[in-house]
Amino acid sequence: MHNQASQPLKPEKSNLSISAIQQLWIAISIGIVVLAPLALFVVTLIRTSSVIDTAFQASSVHRTSVVKASGAEKKTTINMAATAVGVAASPSAPPFFVAPSRPRIILFGDSLTERSFDVPSGWGAALASNYSRRADVVNRGLSGYNTRLALKTMPYIFGPASASASGSGGAVAAAAASQVLFATLFFGANDAARLEGPSHSQRQHVPVPEYGENLRKMVSYMRDAGVQRIVLLTPPPVWEPGRKVHQISRMGEQAREWPLDRTSAVTAEYARAAAAVAADLGLPCLDLHTLIQQEDDWGERLLCDGLHFSPAGQERLGALLRELLQREWPDVRPEALPMQFPAWDAVNLADLEETFGGSS
Ligand SMILES: *[C@@H]1O[C@H](CO)[C@@H](O)[C@H](O)[C@H]1NC(C)=O
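Numbers given to residues run from 1 along each chain, matching the order in which its sequence is written. In view of the model being predicted, local features appear only for residues whose pLDDT reaches at least 70, and side-chain atom pairs are presented and counted only at 80 or more, with totals across whole chains, interfaces and linings using the full set of residues.

In this chain, Val119 is followed by Pro120 through a cis amide linkage whose omega measures 5°. Working definition: helices are DSSP H or I runs of at least four residues, strands are E runs of at least two. Numbering for both runs from the N terminus. Position of Pro120 among the secondary structure elements: in the loop between helix H5 (111-114) and helix H6 (123-130). Despite not being glycine, Arg133 has its phi angle at roughly 70°, a positive value. Within the element layout of this structure, Arg133 appears in the loop between H6 and strand S3 (136-141). Burial is judged by counting the other C-beta atoms within 10 Å of a residue's own C-beta: 20 or more makes it buried, 12 or fewer makes it exposed, and any count in between marks it as partly exposed, with every C-beta position built from the backbone. What makes Arg133 partly exposed here is the crowd of 14 C-beta atoms within 10 Å. Phi at Asp297 is positive, roughly 45°, even though this residue is not glycine.

Here, axes are lines fitted to C-alpha atoms. For helices the fit covers the stretch in contact, and angles between N-to-C directions go from 0 to 180 degrees. Interaxial distance between helix H7 (residues 147-158) and helix H10 (residues 208-224) falls to 10 Å at its minimum, and their mutual angle equals 5°. When the axis of H7 is compared with that of H10, the two are roughly parallel. Here Thr147, Arg148, Leu151, Met154 and Phe158 of H7 come into contact with H10, specifically with Tyr211, Asn214, Leu215, Lys217, Met218, Tyr221 and Met222. Charged means Asp, Glu, Lys or Arg here, nonpolar means Ala, Val, Leu, Ile, Met, Phe, Trp, Tyr, Cys or Pro, and polar covers whatever is left, Gly included. Here the residues of the contact of H7 with H10 are counted per class, giving eight nonpolar, two polar and two charged. Each angle receives one of four descriptions, namely roughly parallel if under 35 degrees, roughly antiparallel if over 145, roughly perpendicular if within 65 to 115, and oblique otherwise. By definition, residue pairs are in contact when their C-beta atoms, positioned from the backbone, come within 7 Å.

Moving on, we come to the pairing of strand S5 (residues 230-233). The alternating pattern of S5 places Ile230 and Leu232 and Val231 and Leu233 on opposite faces, both of which are buried. We treat two strands as partners when DSSP finds at least two bridges between them. Here three bridges tie strand S4 (residues 180-186) to S5, and the two strands are oriented parallel to one another. Within S5, the position partnered with Leu185 by the bridge is Leu232. By the bridge criterion, two bridges tie S5 to strand S6 (residues 285-286) in an arrangement that is parallel. Each residue of the ladder has a partner; that of Leu233, found in S6, is Leu286.

Residues in close proximity to the ligand include Ala126, Ser129, Asn130, Pro334 and Glu335, which together make up its full environment. Looking at the shell around the ligand, its residues break down into two nonpolar, two polar and one charged. Nearness here has a simple definition: the residue's C-beta atom, placed using the backbone, must lie within 6 Å of the molecule or strand.

Further remarks concern helix H12 (residues 264-281). Working rule for helices: expected span equals 1.5 Å times residues minus one. A rise of 1.5 Å per residue sets the reference length of H12, with its 18 residues, at 26 Å; its end C-alpha atoms lie 26 Å apart and thus fit the reference within 8%. What H12 keeps buried is the set Val266, Thr267, Tyr270, Ala271, Ala273, Ala274, Val277 and Ala278. All buried residues of H12 fall inside an arc of 160° around its axis, so they share one side. Turned more than 90 degrees away from the buried face of H12, the exposed residues are Ala265, Ala279 and Asp280. Considering only its buried residues, H12 is in contact with H10, S5, S6 and helix H13 (288-293). In the segment just after H12, Gly282 is the residue with positive phi, at about 70°. By construction, the arc corresponds to the directions joining the helix axis to the C-beta atoms.

So, on to H10. At 3.6 residues per turn, the α-helix brings residues three or four places apart onto the same side. Between the first and last C-alpha of H10 there are 24 Å, a value that for 17 residues agrees with the 24 Å anticipated at 1.5 Å per step. For H10, every residue scored as buried is listed here: Tyr211, Gly212, Asn214, Leu215, Met218, Val219 and Met222. Buried residues of H10 fall within an arc of 160° about the axis and therefore sit on the same side. Exposed residues pointing more than 90 degrees away from the buried face of H10 are listed as Pro209 and Ser220. Elements in contact with the buried residues of H10: H7, S4, S5 and H12.

Spelled out as structure tokens, the structure:
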């Protein structure tokens, strides 16, 4: 009896619940069909306007935040609209350029520069990573060189001085030089090797007055060769206990009694001379000699042999240099520079000439 009475109720219940589910589904379907395209349309509108902002805003700060927030996809859309071909290095520059070469950043110095591409944290390599696809970071570090020797290498590294004044070949050289975004000038660690030290240090020694004079000649040469922006780095401080250990491990127990090749006090004189030259010539100066000594345990932590940088020291130098560049020349920050060639997914496949030029 119970069963008979309850059975007809069951279908009624399930009829009710089916229709409720159906209603829900209909509502969801309408939502998807009507609202989703609407939402997409709105999103596209917003994106397009930020893309246009990105392309034409002179404010590099604004541009950076937009690019960071929106990624590569957006930049590409404008590329097609702007179709700018050539090199431009201003904040209002298009987000790509089409040209046979990239602007260069030249790192000129001794072993502290030559080792700047060392893994895992070389300061030059970090810079190259920062500027990837925007500028070539060129390592021209010459281990063991003092300013006297380095002066002789300058025509090979920076091209002829006064390039613009020497005919059409000169014009080409000048154009190449104008492509140098900036250069670092970082000598002194070897000039400061002592005459009173072991024979290798006598070979490297350059007196302070000549060192200062050589730095001036170098800056003057670079400027004549068309390099407009130069950062001068002072030699880092020497940590004598580390230098002693290194000297013994390299030259044996006998070296325990030898005088040090470099000392803290002597290198300080060279650092002061370099900072004075920078101030006199109006160059931004990364005064490593002072800055490194402000760090905790700098001798053990930031140097590996009392003279060269440890991985932690390389990283610190990189960060200090980035801070200086940001402060002095915000217009050559990586974010402010266009990339060479458009992003792969921005290329107009229907008209490659439009992007890449040429008449193939
Ligand atoms: C530059 O490199 C440093 C160290 O690798 C990194 O922290 C920084 O975010 C980079 N900046 C850019 C703009 O790539």
